[in-house]
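# Structure at a glance
Listed here are the chains, written in short residue letters.
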Amino acid sequence: MPSAFTPHEREQQLSRWVAHELGCEPASIKLNPVASDAGFRRYFRFTTPSQWLAVDAPPQTEDTRQFVALARYLNEHKVNTPKILAADKILGFLLVEDFGDELLHRQLTPVTADKLYREAFTSLVRLAACPDQPALVPRYDLELLRRELTIFSEWFAGALLGYQLNPTEHAMLDLVFKALEESALEQPQCLVHRDFHSRNLLIRQDNSFGVIDFQGALWGGCTYDLVSLLRDCYIRWPADQVTVWALNYRQMAIKAGVVDSHIDEQTYLRWFDWLGLQRHIKVLGIFARLDLRDGKP
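Thresholds, definitions, all that
- Residues numbered from 1 in each chain as written.
- Predicted model: local features only at pLDDT ≥ 70, side-chain atom pairs only at ≥ 80, totals over all residues.
- Heavy atoms only, no water.
- Helix = DSSP H or I, 4+ residues; strand = E, 2+ residues; numbered from the N terminus.
- Expected span 1.5 Å × (residues − 1).
- Buried < 20%, exposed > 50% of the residue type's maximum accessible area, 1.4 Å probe, protein only.
- Arc of directions from axis to C-beta.
- Contact = heavy atoms within 4.5 Å.
- Polar contact = N/O pair within 3.5 Å; in protein donor to acceptor, adjacent residues only side chain to side chain.
- Axes fitted to C-alpha atoms, helices over the stretch in contact; angles between N-to-C directions.
- Parallel < 35°, antiparallel > 145°, perpendicular 65-115°, else oblique.
- Left-handed = near helix turned anticlockwise from the far one by under 90°.

### Notes on helix H6 (residues 167–186)
- For H6, which comprises 20 residues, the first-to-last C-alpha distance of 29 Å matches the rise-based estimate of 28 Å (1.5 Å per residue) to within 8%.
- Looking only at H6, the buried set comprises Leu173, Phe177, Leu180, Glu181, Ser183 and Ala184. For H6, the angular spread of the buried residues around the axis is 160 degrees, confining them to a single face. Exposed residues lying more than 90 degrees from the buried face of H6 are Pro167, Thr168, Leu175 and Glu182.
- In the core, the buried residues of H6 are packed alongside helix H5 (142–160), strand S6 (189–192), strand S9 (218–221) and helix H9 (265–292).
- The backbone nitrogen of Thr168 lies 3.0 Å from a side-chain oxygen of the residue at the head of H6, namely Asn166.

Written as structure tokens, this is what we have:
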């Protein structure tokens, strides 16, 4: 949904707001874009070095109230998300802690991966062990699972490839989708980041992991974030190694009470594989939609 203001006008508004929040002259705040995400949120550093990032989260598309509430909730449960200095939930402006630019993605190599994934697992198990708050965290239910899967049919097959599925193909996909949905819903449910991958984990100066882009968190299948991390869209590992890591995390999740110890390895790996398939079918549709609808190739 487009904003009522141009990007330049939004930046001018944001610059004035930042100056007001920091108690300085508006002319002293020069915004430099540093990143954006798959939504419509934009991030800026200032010309003056600061521990804060200015964030433009257009209220037409981004829910700043949910972002602030989730950040507070996650921090309370030892998940290292950015602290928030100020937020205007009407304008959609925020000042959030700057975790730097050292993405996990840049550090992962065959030599470093074991150590770095162990540290990522520590952050993930803390996230998964967060207590349920239904008023804050929506359910990753059957309706939402199906809505995500149909993005593939509409935006990847239809809009990107220009291919119209015939009734036989629709029926075949429906059987696959039902199997994937049942697998997602039968596994233990916990807090799910939904985009827990190597470009949303930052290695800070003290070597702790920072977690960003968490605003879409839901209560869903316990293997979802693990498969986001280990079957990342941006990096590929040998299948045998992924299995070893997945089972290592399973042991951590059992100790944390996220997964019951009676759930055997074969069942856990089936959940992991099938939820990974659900995620990547959805991602095919989302990447096509980002390009065709939102101008984000």
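Back to the text.
### Some points on unusual backbone geometry
- We note that Arg194 has phi near 85 degrees; this positive angle belongs to a residue other than glycine.
- In this structure, Arg194 sits in the loop between S6 and strand S7 (201–203).

### With respect to the packing of H6 against H9
- It is at 9 Å that the axes of H6 and H9 come closest, and there the two elements cross at 125 degrees. On the basis of their axis angle, the class for H6 and H9 is oblique. In the crossing of H6 with H9, the sense of the turn from one axis to the other is left-handed. Of the residues in H9, those in contact with Phe177, Ala179, Leu180, Ser183, Ala184 and Glu186 of H6 are Arg270, Trp271, Trp274, Leu275, Leu277, Gln278 and Ile281.

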